[in-house]
Amino acid sequence: MNWMLDYWRSSIGGKVTMAITGLLLFGFLVGHLAGNLLLLSGPEAMNEYAAFLKSKGALLWVVRCGLLAVFVLHVITGIRLARENRNARPIAYARPDTIQASLASRSMVFTGLSTLVFVVYHLLHFTVGVTNPEHFTMETSAGGHNVYGMVTASFSVVGIALAYVAFQVVLFFHLAHGVQSLAHTLGLHHERFTPMIKTASVGVAALITGGNIFLVLSVLLGIVEVQS
Amino acid sequence: MKVVLHIWRQSRPSTSQDFGQDGKMVRYELDDVSADMSFLEMLDILNERLTAKGEEPVAFDHDCREGICGTCSLMINGRPHGPERGTTACQLHMRSFQDGSEIWIEPWRAKSFPVLRDLVVDRGAFDRVVQAGAFISVNTGAAVDANAMPVPKADADKAFDAATCIGCGACVAACKNASAMLFAGAKVSHFLHLPQGQAERDRRVLNLVETMDKEGFGNCTNQYECEAACPKEIPVRVIADMNREYNRARIKS
Ligand code: HEM
Ligand code: FES
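Since the model is a prediction, treat every value here as computed from it, not as a measurement.

Visitor: So what's going on with the overall build of chain A? Residues and values would help.
Guide: Of regular secondary structure, chain A possesses 10 helices and zero strands. Element order for chain A, N to C, with α for helix and β for strand: α-α-α-α-α-α-α-α-α-α. Per-residue burial for chain A yields a buried fraction of 42% across its 228 residues. Considering only contacts within chain A whose residues lie at least 6 apart along the sequence, 75% involve residues at least 24 apart. Accessible surface, chain A as shown: approximately 12200 Å² in total, 71% of it carbon and sulfur.

Visitor: Any details on unusual backbone geometry? Residues and values, ideally.
Guide: Glycine aside, negative phi is the norm for most residues, and most peptide bonds take the trans geometry. Residues and elements named next belong to chain B. Although it is not a glycine, Asn-77 sits at a positive phi angle of roughly 50 degrees. Tracing the backbone shows Asn-77 in the loop between strand S3 (75–76) and strand S4 (79–80). According to the relative accessible area criterion, Asn-77 is buried, its value standing at 15%. Phi is positive for Tyr-224, which is not a glycine, with a value near 65 degrees. Here Tyr-224 is to be found in the loop between helix H6 (201–214) and helix H7 (225–229).

Visitor: Give a description of the site of ligand 1 that names residues and reports values.
Guide: Around ligand 1, 22 residues are found, and the nearest of them are His-74, Gly-112, His-174, Ser-181 and Leu-182 of chain A. Residues lining ligand 1 come from chains A and B. For ligand 1, a nitrogen atom lies 2.8 Å from a polar atom in the side chain of His-74 of chain A. Between an oxygen atom of ligand 1 and a side-chain N or O atom of Thr-185 of chain A, the distance comes to 3.2 Å. Taken together, the elements giving at least two residues each to the shell around ligand 1 come down to helix H2 (11–36), helix H4 (58–87), helix H6 (108–128) and helix H9 (158–185) of chain A. Classifying every residue of the shell around ligand 1 by side-chain character gives 13 nonpolar, nine polar and no charged.

Visitor: Quick rundown of the side chain of Asn-77 of chain B? Include the residues and the values.
Guide: A polar contact is formed between the side chain of Asn-77 of chain B and the backbone nitrogen of Trp-104 of chain B, at a distance of 2.7 Å. Not counting the four nearest positions on each side in its chain, Asn-77 of chain B is found in contact with Arg-95 and Asp-97 of chain A together with Phe-97, Glu-102, Ile-103 and Trp-104 of chain B.

Visitor: I'd like to hear about the interface of chain B and chain A, residue by residue, with values.
Guide: With 48 residues of chain B in contact, the opposing surface of chain A contributes 37 residues. Here chain B meets chain A over a buried area of about 3700 Å², counting both sides, of which 52% is carbon and sulfur. Of all residues in chain B, Arg-109, Asn-219 and Asn-222 of chain B give up the largest surface area on contact with chain A, accounting jointly for 16% of the area buried on that side. At the surface where chain B touches chain A, the tally comes to two salt bridges. Note that Asp-97 of chain A is salt-bridged to Arg-79 of chain B, the shortest N-O span being 2.8 Å. Here chain B is connected to chain A by 32 residue pairs in polar contact (both at pLDDT 80 or more). Of all the secondary-structure elements, those providing two or more residues to the side of chain B that touches chain A are strand S5 (102–106), helix H4 (170–174), H6, H7 and helix H8 (237–252) of chain B.

Visitor: Which residues make up the nonpolar core, and what values do they have?
Guide: All names here are of chain B. Judged by nonpolar contacts, the single largest core of 75 residues is most densely connected at Leu-5, Phe-39, Leu-43 and Leu-74. In terms of residue count, the dominant contributor to this core is helix H5 (residues 181–192) (seven residues). In this structure, this core is formed jointly by two domains, domain 1 (3–117) and domain 2 (124–252), each of which donates at least three residues. For Leu-43, the contacting residues outside a window of four places in its chain are Ile-7, Phe-60, Leu-74 and Ile-105.

Visitor: I'd love a proper account of the coordination of the iron atom of ligand 1, names of residues and values included.
Guide: Between any two of four tetrahedral donors, the ideal angle at the metal is 109.5 degrees; between two of six octahedral donors, it is 90 or 180 degrees. All names here are of chain A. Donor atoms from the polypeptide that coordinate the iron atom of ligand 1 comprise His-74 (NE2) and His-174 (NE2), at 2.0 to 2.1 Å from the metal. One can describe the donor arrangement at the iron atom of ligand 1 as octahedral, given that its six donor atoms subtend angles of 87 to 180 degrees at the metal. Linking His-74 in helix H4 with His-174 in helix H9, this pair joins segments that are 100 residues apart in sequence. Overall, the relative accessible area of 14% leaves His-174 in the buried class.

Visitor: Let's hear about the pattern of salt bridges: which residues, and what values?
Guide: Residues and elements named next belong to chain B. Enumeration over the complete set of coordinates arrives at 22 salt bridges over all chains. Across the salt bridge formed by Glu-56 and Arg-117, the nearest N and O atoms sit 3.3 Å from each other. Here the residue Glu-56 occupies a position in the loop between helix H1 (39–52) and S3, and Arg-117 occupies one in strand S6 (residues 115–117), the gap between them amounting to 61 residues. When its relative accessible area of 48% is taken as the criterion, Glu-56 is described as partly exposed. Accessibility expressed as a relative area gives 32% for Arg-117, which makes it partly exposed. Glu-245 is the partner of Arg-201 in a salt bridge, and the nearest nitrogen-oxygen pair spans 2.8 Å.

Visitor: Run through the layout of surface pockets, naming residues and quoting values.
Guide: Estimated volume of the second largest pocket: approximately 420 Å³. Trp-3, Met-4, Leu-5, Tyr-7 and Trp-8 of chain A are, among the 13 residues lining the second largest pocket, the residues nearest its centre. Among the elements of the structure, helix H1 (2–9) and H4 of chain A together with H8 of chain B are those that each provide at least two residues to the lining of the second largest pocket. Of the residues forming the lining of the second largest pocket, the biggest block, five residues, is contributed by H1 of chain A. Its residues assigned to classes, the lining of the second largest pocket comprises nine nonpolar, three polar and one charged.

Visitor: Tell me about the environment of Glu-41 of chain B, and please be specific about residues and values.
Guide: Residues and elements named next belong to chain B. Mapped onto the fold, Glu-41 is located in helix H1. Given a relative accessible area of 38%, Glu-41 falls into the partly exposed group. Separated by 165 residues in sequence, Glu-41 and Leu-206 have C-alpha atoms that sit 42 Å apart. Apart from the residues within four sequence positions on either side, Glu-41 is in contact with Asp-36 and Arg-65. Only 2.8 Å separates the side chain of Glu-41 from the backbone nitrogen of Ser-38, close enough to count as a polar contact.

Cut-offs applied
Residues numbered from 1 in each chain as written. Chains lettered and ligands numbered in written order. Predicted model: local features only at pLDDT ≥ 70, side-chain atom pairs only at ≥ 80, totals over all residues. Heavy atoms only, no water. Helix = DSSP H or I, 4+ residues; strand = E, 2+ residues; numbered from the N terminus. Buried < 20%, exposed > 50% of the residue type's maximum accessible area, 1.4 Å probe, protein only. Contact = heavy atoms within 4.5 Å. Areas by Shrake-Rupley, 256 points an atom, 1.4 Å probe, with all protein chains shown as cover. Near = heavy atom within 4 Å. Polar contact = N/O pair within 3.5 Å; in protein donor to acceptor, adjacent residues only side chain to side chain. Nonpolar A, V, L, I, M, F, W, Y, C, P; charged D, E, K, R; others polar. Buried area = accessible area lost by both parts, 1.4 Å probe. Salt bridge = Lys/Arg side-chain N within 4 Å of Asp/Glu carboxyl O. Core = buried A, V, L, I, M, F, W, Y, C linked by side-chain atoms within 4.5 Å. Domains from an automatic or database assignment. Donors = N, O, S within 2.8 Å, 3.2 Å for Na, K, Ca; no water. Tetrahedral: all angles 85-135°; square planar, octahedral: opposite > 155°, others 65-115°. 1 Å grid on protein atoms, 1.4 Å probe; cavity = no way out; pocket = protein on both sides within 12 Å on 5 of 7 lines; lining within 4 Å. Points joined across faces, edges and corners; volume = space filled by probe spheres on them.

Written as structure tokens, this is what we have:
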């Protein structure tokens, strides 16, 4: 186990940890969006899907714990690297300039920490049911957990919907740099493919966060039916 | 032409205690600068004036003044070696600035490059990285025949791109994280693509990275400021090369 810690502590080991955990979290976002698109198929499809996940019992908990571990590792490593980077330049330039670093790449710590805040809120909102218990406790006609009702009731509240949209915009920036960055960290550099990866990085970031925003706005603008 | 200079003045080496309080930016005006002067000649003129007035001249590093030694090291308006791409400070000319410009001149800023005086920094950390593995071990004696070991042109080009590094430190100065990964990557990539580099391949990258980390440089976040600032335009490909090599060597060891 010592070699793992030793590797993690190195600069490149830390970067690779960010890249692999970032890739796994990105994979989760894809699955998360794919599942939530069922919102467009109506209450039965959405609630069936939710009940299906819940029915997995132990397996669901294994996946949740794994996801949490990956997330925590990403956050802890990110904070460690950011602190080392700050320490590496104790005196700032009196007149700084930037040649080609993108806005997204320069705000990874901010967009990352904002995402952390959002994830905590999101879990309190929909997984634990602390922030809007009146939506969380909604029931289906059969007496089960009414996920469709909870989601549509929440997103028809303008403040909640706008907060979700705003956080997705922030996440867009994190992913727009993150995906291309992880490719380079993992050693992928190619004259022909690297420019494509950079474009694809912005593209998939827009697809994921755009998809999430589309769902929220579909409810807010009444494109999908709201249960309340 | 007329220029207003803001130059970092510091009379003694930085101490770790009051880092940043050791010096300050000082304003100077020059109103008869020729557009054909090099940037360093402009500083020479300033120093002649200061000396004539009995003031301490501005200390700055320079040697070849022809863009090949890597000694000059000025942060000019927030860019290492100034506004021109692929150009060292000694090869920069005053025609790159407009008449009446304000020009800010600072030393490289990094914990691993402590300021010795004014614009001069100690780049010994780079020497220690080189000593850790940026070499090949060969027996001394007569030079080997140049064609004894065939190298494909494409590989030779990759190695040469990396070998053009002059060790000036612009990559560290430009990097938002004061990371030395373009420099260390250039050392790895320089030998990686040549048959002579294979024997010490694993040891080289492990020792280089370990030393680079110990010297207190930051970690790359793939922003590529280094590539844009490098006077030899070394591509960030060398960083991807180093990442792959490091992981390969780690798995093998
Ligand atoms: C949905 C959740 C998240 C996803 C999908 C995600 C994804 C990524 C990806 C793909 C990278 C690029 C890795 C690399 O540079 O090789 C990255 C970098 C980073 N992430 Fe996240 N991230 C998430 C949440 C967070 C959170 C909560 C933080 C809070 C600290 C954070 C902080 C960072 C930082 C500081 C970096 C920059 C590291 C570097 O560039 O070296 N991320 N993220
Ligand atoms: S003085 Fe030698 S490169 Fe500038």
